Each structure stands twice: as structure tokens, then as C-alpha cells.
Amino acid sequence: MTTTGTGGVLAVIRGGMPAGALDARRIAGTLDQPGCARRQILDAAAIPIERLATLLGCPSGQSPFAIIRGNVFEQRVFDNGMAELIALVREHLDHDLTAVDQVDLSCDQLTEAYGRADNNLRVAETRRHLSAMLSGDPSGRHLLRHPMTTLDVGGVTAYLEADAFSFVHGGQLTTVEVKSFAAIDGVPDPPKSAAALTQAAVYIASLQDTITDLGFDPSRVSTRVLLILPRDFSLTPAGFVRDIAPTVRRLRRRLAALPATTALVAALPVGLSLPALPSKQATEDEREHARRAAAGTVSAMPRRFRDGCISCPLFRYCRTEARAADEVTVIGSVGAELCGDVGTVAEVLSLARGARQPTTPAETAVAMHVGRAAAVAARHADPTSRPSLSGA
Amino acid sequence: MTSRPGPSPADAHAAVVDEVWERFAAADDRVIGVYSPPGAGKSSLVRTVAARWATDGRPQLPIVTQTNNQADDLVSQLSGTTYRVGRLHASTYKPRAQQVAAGVAFSETVAALQGCDIVVAPARKWAYSIQGAWEAAVIDEVYQMRSDDLLRVADRFGRVLAVGDPGQLSPFTIGDERLVRGRPLSPLATAADTLRLTHPSAPWRALPVSWRLPPSAATLVSDAFYIRPFQAGTAEGERQLHCPPRSIDRAANRALAEAARTGWAFVELTEAHLPRTDPEVVEVIADLVDTIIGAGVRATDEQGVTPIGPGSIAVGVAHRDQRGHVTTAIDRGLAARGLPPGSVVVDTANRLQGRQFELLIAWHPLSGRRDATAFHLEAGRLCVLLSRHRHACLVVSRAGIRDQLDAHPGVEPVWLGEEPPAVDGWEANLTLLDRLEEHRVAA
Amino acid sequence: MDPYLAYQRLVAAETHTAQPVASCRHVHLSTQPLVLCAYHLAGDEGAPVAFLYGRSPDAANLVVVGEPRNRSLRFRMLERLAADVERYLGRFWSRRAVVDDRGRQKYDPDGRPRLLAIDAPQLIVPNSGTADWLTTLARSTIWLRTDGDYPVDAVLPRFGAHLTHLTKRRATGGSANIVAATELLDLHWVTGQTDAEDANLATRLSWIDPNWLEPSWFSAATSVRGLDAIAAARLAEVLPGAGPVPDPTWDVNELEPAVNTYNRAVSAGVDPAAAVEAVTDAAADALAPTWAATWRAIELSRGLPEAASVSRRWELDRQAWTWHIGRVDAERVWFRRFRTAIQSARLLAQSEAAAATLAADMAFDDPLVMARAVADGMAIEGIVIERDDTHRRPGPSARRMVTRPLIRLRPHEDCLQPIGTTLTWSTNTGVELEITNIADDGVVTLTVTAGMRSPLPEVGDDVCLAAFSPPRYYPDTLPTDVPWTHRLPAPPDEGVA
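Residues numbered from 1 in each chain as written. Chains lettered and ligands numbered in written order. Predicted model: local features only at pLDDT ≥ 70, side-chain atom pairs only at ≥ 80, totals over all residues. Heavy atoms only, no water.

A closer look at the packing of aromatic side chains
Right, so step 1: Counted by the stated rule, this structure contains 18 aromatic pairs over all chains.
Right, so step 2: Three or more aromatic residues joined by ring pairs form one cluster here, namely B:Tyr35, B:Tyr143 and B:Trp204.
Right, so step 3: Sitting over the face of the ring of A:Phe78, A:Arg145 holds its NZ or CZ atom 3.7 Å from the ring centroid.
Right, so step 4: Stacked on the ring of B:Trp204, the Lys or Arg B:Arg196 has its end atom at 5.3 Å from the ring centre. (Phe/Tyr/Trp six-rings, centres within 6.5 Å; stacked < 30°, edge-to-face > 60°. Lys NZ or Arg CZ within 6 Å of the ring centre and 35° of its normal.)

Examining the interface of chain C and chain A
Right, so step 1: Contacts between chain C and chain A engage 64 residues on the former and 59 residues on the latter.
Right, so step 2: Summed over both partners, the interface of chain C with chain A comes to about 5,100 Å²; 60% of that surface belongs to carbon and sulfur atoms.
Right, so step 3: For the interface between chain C and chain A, the tally reads eleven salt bridges.
Right, so step 4: One salt bridge connects A:Asp232 with C:Arg337, and the closest N-O pair in it is separated by 2.8 Å.
Right, so step 5: The tally of links from chain C across to chain A stands at 17 residue pairs in polar contact (both at pLDDT 80 or more).
Right, so step 6: For the side of chain C that touches chain A, the elements supplying multiple residues, two or more each, are helix 1 (3–15), helix 3 (128–142), helix 6 (195–198), helix 8 (229–237), helix 9 (248–267), helix 14 (367–376), strand 10 (379–388) and strand 17 (462–466) of chain C.
Right, so step 7: Residue contributions to the side of chain C that touches chain A peak at ten residues, all from helix 1 of chain C.
Right, so step 8: When the residues that make up the side of chain C that touches chain A are grouped by side-chain class, the tally is 30 nonpolar, 13 polar and 21 charged. (Contact = heavy atoms within 4.5 Å. Buried area = accessible area lost by both parts, 1.4 Å probe. Salt bridge = Lys/Arg side-chain N within 4 Å of Asp/Glu carboxyl O. Polar contact = N/O pair within 3.5 Å; in protein donor to acceptor, adjacent residues only side chain to side chain. Helix = DSSP H or I, 4+ residues; strand = E, 2+ residues; numbered from the N terminus. Nonpolar A, V, L, I, M, F, W, Y, C, P; charged D, E, K, R; others polar.)

Notes on the sheet that holds strand 1 (residues 22–23) of chain A
Residues and elements named next belong to chain A.
Right, so step 1: Here three strands make up an open sheet; going across it, the order is 1-5-4 and the pairing mixed. Only two strands of the sheet have a single neighbouring strand rather than two, namely strand 1 and strand 4 (148–153).
Right, so step 2: Across six bridges, strand 4 lies against strand 5 (residues 156–161) in antiparallel orientation. Residue Thr 150 lies in a different strand from strand 5, and its bridge partner there is Tyr 159.
Right, so step 3: The sheet contacts of helix 8 (residues 190–213) involve strand 4 and strand 5, and relative to strand 4 the element is tilted by about 95 degrees. (Pairing = 2+ DSSP bridges. Axes fitted to C-alpha atoms, helices over the stretch in contact; angles between N-to-C directions.)

Overview of unusual backbone geometry
Right, so step 1: With an omega dihedral of 0 degrees, the bond running from C:Gly243 to C:Pro244 counts as a cis peptide bond.
Right, so step 2: For C:Pro244, the location among the structural elements is in the loop between helix 8 and helix 9.
Right, so step 3: Phi is positive for A:His146, close to 50 degrees, though the residue is something other than glycine.
Right, so step 4: As for its placement among the helices and strands, A:His146 is situated in the loop between strand 3 (143–145) and strand 4.
Right, so step 5: If you check the backbone angles, B:Ala27 has positive phi at about 60 degrees while not being a glycine.
Right, so step 6: Tracing the chain through its elements places B:Ala27 in the loop between helix 1 (9–26) and strand 1 (31–35).

Section: the pattern of salt bridges
Right, so step 1: With the rule as written, the count across this model stands at 92 salt bridges over all chains.
Right, so step 2: With a closest N to O distance of 3.1 Å, B:Asp155 and B:Arg156 form a salt bridge.
Right, so step 3: You can call B:Arg156 buried: its relative accessible area is 9%.
Right, so step 4: A network of salt bridges, in which partner residues are shared, links B:Arg146, B:Asp148, B:Arg152, C:Glu352 and C:Asp476. (Buried < 20%, exposed > 50% of the residue type's maximum accessible area, 1.4 Å probe, protein only.)

Quick word on the domain arrangement of chain B
Residues and elements named next belong to chain B.
Right, so step 1: Each assigned domain of chain B is listed with its residue range as follows: domain 1 (9–210) and domain 2 (215–442).
Right, so step 2: Distance between the C-alpha centres of domain 1 and domain 2: 29 Å.
Right, so step 3: On the surface where domain 1 and domain 2 come into contact, there are one salt bridge.
Right, so step 4: A salt bridge links Arg 181 to Glu 418, with the shortest nitrogen-to-oxygen separation between them at 2.8 Å.
Right, so step 5: At the boundary of domain 1 and domain 2, one finds eight residue pairs in polar contact (both at pLDDT 80 or more).
Right, so step 6: Of the residues contributing to the side of domain 1 that touches domain 2, the split by class is nine nonpolar, six polar and five charged. (Domains from an automatic or database assignment.)

Observations regarding the environment of B:Leu241
All names here are of chain B.
Right, so step 1: For Leu 241, the position within the fold is in strand 11 (residues 240–242).
Right, so step 2: For Leu 241, a relative accessible area of 7% gives the class buried.
Right, so step 3: Note: C-alpha distance between Leu 241 and Asp 155 (86 residues apart in sequence) is 49 Å.
Right, so step 4: The residues touching Leu 241, leaving out its near neighbours within four places in the chain, are Ala 260, Val 297, Arg 298, Ala 299, Ile 308, Leu 359, His 391 and Ala 392.

What to know about a negative patch on the surface
Right, so step 1: A contiguous patch of negative charge on the surface is contributed by C:Glu254, C:Glu277, C:Asp281 and C:Asp285.
Right, so step 2: Here the negative patch takes three residues from helix 11 (residues 277–302) of chain C, the largest share from any one element. (Patch = residues over 30% accessible without salt bridge, like charges linked within 9 Å, V, L, I, M, F, W, Y side chains within 5 Å. Areas by Shrake-Rupley, 256 points an atom, 1.4 Å probe, with all protein chains shown as cover. Lys, Arg positive; Asp, Glu negative; His and termini not counted. Charge placed at Lys NZ, Arg CZ, Asp CG, Glu CD.)

Let's talk about the interface of chain B and chain A
Right, so step 1: Contacts between the two partners involve 37 residues from chain B, matched on the other side by 37 residues from chain A.
Right, so step 2: Buried surface at the junction of chain B and chain A, summed over both partners, amounts to about 3,200 Å²; 56% is from carbon and sulfur atoms.
Right, so step 3: Taken as a group, B:Pro275, B:Arg370 and B:Leu416 account for 24% of the area that chain B buries against chain A, more than any other trio of residues on that side.
Right, so step 4: Seen at the junction of chain B and chain A, the total is nine residue pairs in polar contact (both at pLDDT 80 or more).
Right, so step 5: Looking at the side of chain B that touches chain A, the elements that each hand over two or more residues are helix 10 (279–294), helix 11 (320–336), helix 15 (401–407) and helix 16 (425–436) of chain B.
Right, so step 6: Of the residues that constitute the side of chain B that touches chain A, the class distribution is 14 nonpolar, seven polar and 16 charged.

Overview of the environment of A:Ser63
Residue and element names in this part refer to chain A.
Right, so step 1: By secondary structure assignment, the location of Ser 63 is in the loop between helix 4 (49–55) and helix 5 (64–93).
Right, so step 2: Assessed through its relative accessible area of 5%, Ser 63 is described here as buried.
Right, so step 3: At 3.1 Å, the side chain of Ser 63 and the backbone nitrogen of Phe 65 are in polar contact.

Let's talk about the confidence of the model for chain A
Close reading of the predicted structure is inappropriate where its pLDDT is low.
Right, so step 1: Mean pLDDT over chain A stands at 88; residues scoring 70 or higher make up 96%.
Right, so step 2: Every residue in residues 385–392 of chain A scores below 50 in pLDDT, and together they form 16 contacts with partners more than four places removed in sequence or on other chains. (pLDDT = per-residue confidence, 0-100.)

Remarks on the side chain of A:Glu337
Right, so step 1: Along the chain, A:Glu337 turns up in helix 13 (residues 333–337).
Right, so step 2: By relative accessible area, A:Glu337 is classed as buried at 10%.
Right, so step 3: At 2.7 Å, the side chain of A:Glu337 forms a polar contact with the backbone nitrogen of B:Arg370.
Right, so step 4: Those residues in contact with A:Glu337 that sit more than four places away from it in its chain are B:Leu274, B:Pro275, B:Gly368, B:Arg369, B:Arg370 and B:Asp371.

Points about the sheet that holds strand 19 (residues 440–442) of chain B
Residues and elements named next belong to chain B.
Right, so step 1: The six strands lie next to each other as 16-15-17-18-12-19, forming an open sheet whose pairing is parallel. Each end of this open sheet is capped by a strand with a single partner; those strands are strand 16 (345–348) and strand 19. Taking each pair of neighbouring strands and ignoring which way they run, the sheet shows an average axis angle of 25 degrees.
Right, so step 2: Across six bridges, strand 12 (residues 264–269) lies against strand 18 (residues 389–398) in parallel orientation. Following the sheet pairing, Glu 268 is matched in strand 18 by Ser 397.

Observations concerning the pairing of strand 7 (residues 157–164) of chain B
Residue and element names in this part refer to chain B.
Right, so step 1: Counting buried positions along strand 7 gives seven out of eight residues, so the element sits mostly inside the fold.
Right, so step 2: When strand 1 meets strand 7, the two strands line up parallel, connected through five bridges. Bridge assignment links Tyr 35 to a residue of strand 7, and that residue is Gly 164.
Right, so step 3: Crossover connection from strand 6 (residues 134–140) via helix 6 (residues 147–153) to parallel strand 7: handedness right-handed. (Right-handed = clockwise from strand over helix to strand, strands pointing away.)

Rendered as C-alpha cells:
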């Protein structure tokens, strides 16, 4: 199947759903669920996954308060001719930046300028500005906000809405990420820091690919990231620098290891398609009809249920399926690790209890390892057989 | 033997030792650091420094190790010389008879060891010796030492010579690490990193050569686990394993032949996911050990020819329960040969640190897993397992490691206030796998 | 995860019922705890929204703020919470003299008579997230000023100081001053769901007690009785979150409209006390199930007999509390904002000691906890088949023979510990035995190396021998001043990588 053919099939799968742009967070999320065809196909088809999840009965979304806070903080960083941003860049990156000339490539700005803001336009504008910035064009701006870059994910081009920024200095593109989780007493939350840096890595990888395509050396994208966070309980910005070259390398390997979306899609039943999202005025019946159609399509895509899925909007849906299939992963990845290849709870328990004889090495190991626990548990279930002193 | 450009390994090593000694003797630096790759003759450096110090007639020199075993090993190497060696120890410690016989002084108090030129003890014991102040001290295994262990002893010493291997396992805690991480001078940092932070202009030198690892291993270990490269002290061909030809074509024989030929073997079982006490891997390891013992292997090195027996082999694992199963299986084979149980060392990476053997069989930490975790990916663990041997290392694993690595999301928490680790465990694993696959033997 | 817990999880998944994994309660439960449920704004740990708290299930107090981003309103709400919490803490001010076995007063190193608080406070929160957030709440209140741009009542920094003490205790481990209901349940039962799902108090509780749900929380058509764990957990899943961060859908559907209502009303001149009603109602409805779940978790845990070492650990909490209130009385309460290297080392050492002690205590107190070690190979259980009190072997100096009783044991499972390992007898931890042989048929031979004069296992006894023991601790030897190796050349700058 050719790429255009895949594109066509993906459009059919998308069916009545609107197409969205992906962002670094979503792509990082897919790579957190390695091997999940379901996520990979839904992302390739640019399905708005949160709205699909809501339709399927797993409400999800972002808090409006978190969004507002993020916007307010970002505004603070960019206010007054970007005074705070420049100060942080000078302090943490040793760039003697004095003034920054920015261009904003967000939907709103482009619509104002051109009357439209589709993905192709945003990508084209981003490329145009990147070229100018990197070729030292005096008319080039210094800073790109809300650029749109592309990234090949499983053989399909993903359009990436970046919430990171790039500014050019000394011929290099440096990435800045502004997040609104706090650094209290100088220690930002470690899991959130990791997530922010992974998203930055996605953005850097796609930026490197874009400029390579434009004929520039990808090493002109620096792997040093400046992460800007609120300090303590105020909105005063604080900066943290990290070189994420290893993260970018890891990301590229994981991207390279993804199966071709073409192949995943080819394995699906023909004619799968998602319905349109029910409108606000839809009746109960219409909603239920849409839900059934969506469930049928999603369930036809193979899933890989793991602990990492908790961050995916479809978590409950896939979990319920896994439970119905009696998969061992319902008890969690750490527990499932102990069960090896033996796939269902019933099988593991029957091996552990000696009700069934093992036939493969995995079953033998499971029978031994979990069987020991079962024997100990059985002994302790009967109070009379607990450790005792004879004659007591 | 091929000739090498530049000074010979022995000369290069001696040059660093001389320079370190001169700086230490000159007393201009409060901190002198030495990077020591595995088997780099760190103990010979410490021995040389101690001997020269004592011969110079200087005041007593304390040596701080991290474990009792390390202290004992060092004392063995330092004893039987013209200077007096003392061993400070805790009340529960039993002095080794040979060391007593060799004239080493043992005491629970510093005062009783006043007449000694050198005093050796683990850090915990130095921490409990309240009295005493010394002008200078040697700290061994400074990358294994936790920053808070250094905190507890440092005020006794005016200046230090710190020696350690940056590729080894990092310190950890069973307590709540969130209390202390992410800030400068965290107690969980290595003592080495703390010294670098507080004394940024202190001189650090690298011992350039590993005397333990053969050339086949030195390049691989250096590339995968170290940012400062080192090379083997022996030349190609100086170390050899001679296996009498084996008639039966079994995987164990093929593995042994590959190990003898190249210094590495990667024994790969069919891919499967199963608990870490994988009985088939246990059997393969026990079979390998038995094959090696029964094959009449002889090892040639700079000193001559020695037969390889149970005492020359060790097995390295990642988990304690793996150790139990492997020991049981190996002991069965030993019993069948009339050899006593426990003749072959089987231990976890933690406890193998600092030890060396002619051959090492390593159970790959990622074997049989569906998903890699930070524990299993840790570079230090793999580095320890793969740098214990003088002749050959045989790695045993189920297939499928590459898939695990490719799929690993890598979302370990990041402490932005800390330096990122020098070596990324995930990349180290990948580099290692690339090289090991050249020596694959199907089980 | 150890194999025993994994196995029990599988059984839970199979039977749709939580499985008990402890036979006694390993956490002290106060007769007068303060339950506290809270929300703060998503993405902003410094902006609390509501607190629901009280000393009994029917006596809940609710404080909310109409606009959580308004500092003045925030501080007024926190002042009310702080006053109530201070009143609660004031119940634990009585101290008793500490005496020796002869009834004589003991003294502290500084010469003062030693006292011990008769009881200490216990805050019980729904989950670890809320417990962790209390550290942030303490941090955000302890440095507030009673003067300046945003002056607060002195009760707030005092509250911050109390909370800083209590959250520090929690950080060191084994403490019961602050307990999360999810952790309380986790110690004693396992469910058949993932760890991530277990973080949700409501679903976890549903596995243990499927009948805890109230019909009023759901639509009229929903039945909440006669459900199994899975069905109850599915219902519980859609309840509003237990905090400290609310569900995003609740924010969209309830909180944002209520806050907007408040803001509009106040700018139109409505009395703030009336304008806040929408937020109050939304918070009350959202936190009600969490409130009920926390109390139910306490009730279920109270049903277990208390483990033997719980009171010893609680006494450490009482000692620490005594120290704290002594400082409060003397107006000498002071906490540093940034810990020194020495303080960090001390804290880490305390945390490690607490973790090791707790793990060993739980196993030796409770056969079901010890069972996890047996399944993992870290302990063996078996029948004593032989005992020879006249057995002799070479002594430590290798010149004399000494008497060391010999014991042979037939273990129920294979012994995975190597020869030479020292084991501790679970019934009397003063008795230690060394493995000297493991026969082909599995029989383990051991010689007693410590505790020889105490009663030893008899032939026919079913005993448990552990490859770990209650840790012995020696006083720490931290220096009073930071040594030269730990002095930075320039002051540390926050935010530098």
C-alpha cells in the first residue's frame, strides 16, 4: 500500500471525526505506549483522542485553570519586550541577547494575517522563517513562537504543534520551553520535568528533520534546552538548562523501531470508520449509536495494555477490554512481569496451583516461581498450619 | 606481538603514578583525584603511595575503604613489608589469621595503632573513631562512597588523595530519596562528585590502563561505560585460553570455543518472557560452568600457564534469588565431580565489585523481561558484571533485548538540580548489545 | 513486586475480591484523628480551593474560597482552617514525666526533666498525593508575614510550623502523624487492579468493601447494592476525584462555572458570603464520597488487631511531638528553608533507619507479611527434624572447639539462601543460626551462632527463619560543622543545572 493509499485509509478511519494537529505531548505519549497499534493508528489519523475518549465513556481533558495559568505565565515571560526571557537566556545560556524580534505562527495570528491557518500554511511559514533565521538573513526574525513542524511517525507525517520556542543566536537554534509547574525551593517535580524534556526532545527531533529538509546541517539545532518554570508560589520565572542529546537519540531509536503504520492499517478489517462526534443537541439514542460505532472501530485495533497507559485518555476503555480477556496485565506491569508469556490470569493460577502441567519453558518458570508463592499462601490461609511451637 | 605507538602501558601507568605521588608528597593540593578504570592497578597505586609515604618517614597515613572486604584485601597487599600496617575494626570483626601472622596490628581503637605507619579501615569505622586528626589520607573507591559517608569522616583529614572507578554502581538508598535529591551536596551523590563540586580546580588524573581486562574487553568496556577511554595493559595474544578440542557439538562447547578465541561469548536462548528465575537460563549457566571445569582449560598470561578450576570462575547475576537457583544447580554439578559445594562464586553485581576472576559468566539483567526498568538498565550494574574477568566473559540471555531497548519509554524522573549521569544506561546497553551480537552462540 | 503479592493480586482478579495480606494492623490509629480532604487548583499547588475536615464522620467542616487565585481570599480561608487545626492540635499538649523502672525522673542531656506527650495528633488524608501536598501547604504558609503587602494572621505561620513538623515526621518513615487512607489499605489488602488504579481511593476501597457506595452519589437508576468488586469499582471510578487535584471534567462542569458565578456576583456588589454558595455546593458534593471513603478505610483498618511494634513506633512520634511543642511553648520554633549538608545527611539516615526497621518489624510481627519473604526466598519455613545440643565445631580462634547446637530442618519450600548465610528465628530474634549444609533432598543443616542460652526450636516445631533481622542502630556520628570537603566555593544558586 502506498503512502497515499495509507493516507486514504486513515482518512476513512477518521470518518466523521475532525482532524486535529498533534503536539509533542501526544507523540511522547504514543512512545510511552510502545507497541500499541491502537494509539499509533489513532495518532496517525490525527484523531482528537480526548473527544473520542469522552465519547467512549472515559471523560478526559485538561483543566481550564491549568490552561489559563499556563497562558498567564507564558505571557509574563514574553511581556515588556521579553525582558524576563532575555534575562534568563543571558543568565543560563551565556548568550548576550539584547533584543528579540519574534514572529508568532499560531492559528490566530496567521488567520489575522492571511485569512486562513491550515497546517500546510503554518508549516510553509515555519519553513520560510527557519530558512531566513539560519541563513543569517538580516530580515529574519530571532524567535519563532508556535511554529508547526513535521515528524515522520511510523511512516506517516505528523504535524506537530509546538509549545516550545526556538530562537536563533550565533547560528544555532536554541529551544526554550515554558511550563507552569512550579520549582519550589529550586527543585521542580521530577516526573513533570522528565515529561517536559521528552516533549522538548520530540520538538527538537522534528526541528532537526525540518531544517535538514531545507538543506541545513541538523547540528545547528542545539540539544541544550532552557526550561522556564514559575519560582515557588509566584509567577516569577526561573530557568533550568539541560542538554538532552541522549534523550533525542533515544527518541529517534524509538521512532525508528515503530512498525510501519501502513502495515498496521493493512491488518485491520476493511471499511473501519469512526462516526462523527454527537452534537450538543444529540438525543440519547444518537449518542449511544455513535458510541457503539466508535467502540466497534477502536476495538478492532489491537491494543497493548500496560501501566504506562494510565496517561492515555483511552485507559479505562482498554483496561475494561483487557479485563474481559482476563489478561494478566490487569494486575499491573510489575506483576505481569512475573507471569512471563503466560497471558491470562486463569492460566497462571492453574499452573501455580499445579492444576495444569507446564508445556513451555515460560510455563515451567511461572509454575515454579508463582507456584512457590501459592504454596506459601495456601499454608498460611489455614491458621492451624501457621508457624507454631509443638506442645503449645 | 604488535608494537604499540607511544610509551608502553607499564610506562604510561608508571608516569601517572609518579605524577600523583609527587603532587601528593608536595602537599599543595587539598584534593587529588584519580580515575581508575576496572583493574587499573588502583591497589598498586595505593600500595606505591603508601610504601613511599612510609619510607619517607612521614606521619601515619590513614586509608579509607568502603567495605571490610576491601580493607582486608588492601591489608593483605600492604603487609609483609618494612613498614607497619594497622587495621582498625569494629567489635564484631574477626581478624584473619594469616594477617595476624604476617605482623599486621589489629585494634578497635586508633590509640592502640599509634605505632603503625599505615592504618586501614572502612569509612564507617573511621566515622566512629572520634579521636585523631591526620594531615593527609587516601580514600579508596571514592565513586562507590556516598557523600554523607565522606561527610562523617572528612574533618579528621587535612587533605585527601581520592581514587575510584566512575563506571561502577552508583550509591542508592532504601530511605526516601526525594528528601535529599535535586539539591547541591546531596548525601546521595558520590563522594567523588562532591569533591569535584567543592574543589573544582583540584587535579584529577586518569590511570590509562586496565591490567585486568584483556584487549578484547578493554575496548568494549571503555567505549560503552566510560567517557575517559582506557586501554588494556596486555598486548593482543599475551593472554590466551587453551581448550582441548571437544568432539561433541554442543552449545556450551561452541560458547567456550568462541570465548577462547575472542574473549567474549553471547549465549542466546530462544526469546521468551518469563520470571527472572528462568530455569532454562539457570541450566545453561550451570552447564557452561560444568563444561569449563571438565574441559581442562589452561590459561596463559604474563606470569605463565595456569589450569582453570572452579576457583577461577564466577557467575554474576542481577538478583539475589537468581543467585540461589544458580548456586544450587552448580553445586549439583560440582558434587557429581567430587568437588565441594560453593567452590564457584555466584553473586550479585553489588557484591562482585572490586573482585576479579579468570572467567566470568554473566546473566544479562534484561534477559526474559517484557519491559526494561531503570534498575535493569543501570550502566553501573552491567559494567561491574563485564569487567571482572582477566580472560573471557560469557554473557547468557534470552533473545529479545534489542526489542526491549527499542521500546523503552525512558521516562525516569529527572532531577533538574543534578548533573545528568555521565553515561546513559540505555545507550550503554545498546552499545554492548551491538558488540556482543558479534559473538552470538545459539543455546 | 514480590511473587506473594503478585499471586494474591491474581487471586483477587480471579475472585473479584480483595485479598488480605496482613493479619494485624501495622499503623497506629488514633482514637481522635483529624480527617482532612482537600482540593487545590490544577497546575497550581499554591492555590487551595476547599478543605473538608473533622474529627468524626458526622462532624465535617468545609471551608472554600470563591476565587482561588485571589491571595487575600485564600489567606482568609486558610486562617479559618489554621484556627481549627490549631484547636485540634491543642488537645495534645499534655505531657507526663518519663521515669525509669524505679519510678525516678529521667533527665535530658541538658538537665531538664524528660517529658513525653500522652498522645500526639494524627492527620488522616485520602491519598499519598494529598499527604505530599501537605508539605507544600506547610511550605507556603510557614514563611508568611504578619506585615507587608499581604499580611496574615499569626495563626497561619504557626499552622505552617506545625504542619512542617508533621510532614517532616512522615518523610522519615514509620511515622503515623500523617497517614494516607490508600496506604492504610495498601498495607493490609491487595486488589486485582493495577497500581496506578490503586492510587484511586474510591476504586481501591470498592475492592475491599463493594457496599460502601451511597446511592445519593449516582443517578436514580443506578443500583449500588449487591455488587461485586469490579462493578463497584466501575461506579467508583466516575466519582469526583479524591484530590488534591480535582478531575478536569469537574473543573470544566462545576468549578469554573461556580468561580465565574462568584466573580460576577461580587463585581455586581453581592455579598461575598452569598456569592460563594455555588463553589461551596460544588466542593461539598465533590468531596463527600472521598470523606466517606476515608472514614470507611479507617473503620476497616480498626477491625484488625494492632501489631506488636506499632506502639513502639508511635512512641517515637510522641517523642518528636513532645520536642516540637516544647519549642512552641518556648517560642523557639524554627525551621530552615534550605537544609545544610549535615541536616540532609541526618534526615536521610533517619529515613533509612525507619525504612529498615519498619520492614523488619512488619515481617516479625505478622506471619502473613513474613510469608512474602518466604515466597521470595528471603526466609524459610519448615519442620525441625533434629536437634543436637552437644554438637561441637571450631571456635573463632580456630584453636578450640566450642559447643554450638545443631539443628536440621525440612523446609516446606527449597532453601534459596547459600551456605554460610546467617538466619534469625522469627519467634525469638536473639537466636541466630548459620546454614552449614543443604542436602540433595532439601534438608537444611544449621548451627546456632547466637542466643544459645535462650529456648531454642524443638524437634517437631514448625519454625520460620529469616535472612534478615531487626536492625541494630548505633548513634550517628555526624559532625557539628560542615567539613571542608562539603563547602562550596560560592553560594549555591537555585535554578542552575
